[in-house]
Amino acid sequence: MGEQALSPKPVLAGKINPVMAFPKRTCTVCEEEFELRPNHPGYANRCIQCNEPEDDDKGSVAGASSFEGKREADAARRQAIKDMLYPGK
């Protein structure tokens, strides 16, 4: 009787499922239920179909004209900072 009381019994031995279920979420766009998986692209609150990027911006590579506008904006920004730091010059 004393030996049986002292030997610990494994409580969960053989009862643990090694495959864990993925959490179920509801899409905020189409309200369809989906499983959130580790390789799920995009937002965690949207299903895979609603996360696909739209093909409206196919020609969105910046051209030389957009870089010129950016250079001018950067130069104006640098000048404004210089004027704030050194107001008498």
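Residues numbered from 1 in each chain as written. Predicted model: local features only at pLDDT ≥ 70, side-chain atom pairs only at ≥ 80, totals over all residues. Heavy atoms only, no water.

This paragraph deals with the pattern of salt bridges. Scanning the entire structure with this criterion turns up three salt bridges. A salt bridge links Glu 35 to Lys 24; the nearest nitrogen and oxygen atoms lie 3.7 Å apart. Here Glu 35 is found in strand E2 (residues 33–35), whereas its partner Lys 24 is found in strand E1 (residues 24–26), with eleven residues between them in sequence. Accessibility expressed as a relative area gives 30% for Glu 35, which makes it partly exposed. Accessibility expressed as a relative area gives 54% for Lys 24, which makes it exposed. If you follow the salt bridges from partner to partner, you end up with Lys 24, Glu 35 and Arg 37 in one network. (Salt bridge = Lys/Arg side-chain N within 4 Å of Asp/Glu carboxyl O. Helix = DSSP H or I, 4+ residues; strand = E, 2+ residues; numbered from the N terminus. Buried < 20%, exposed > 50% of the residue type's maximum accessible area, 1.4 Å probe, protein only.)

In this section: the environment of Gln 49. Mapped onto the elements, Gln 49 comes out in helix H2 (residues 48–51). Since its relative accessible area comes to 56%, Gln 49 is described here as exposed. Gln 49 sits 20 residues away from Val 29 along the chain, and the two C-alpha atoms are 9.9 Å apart.

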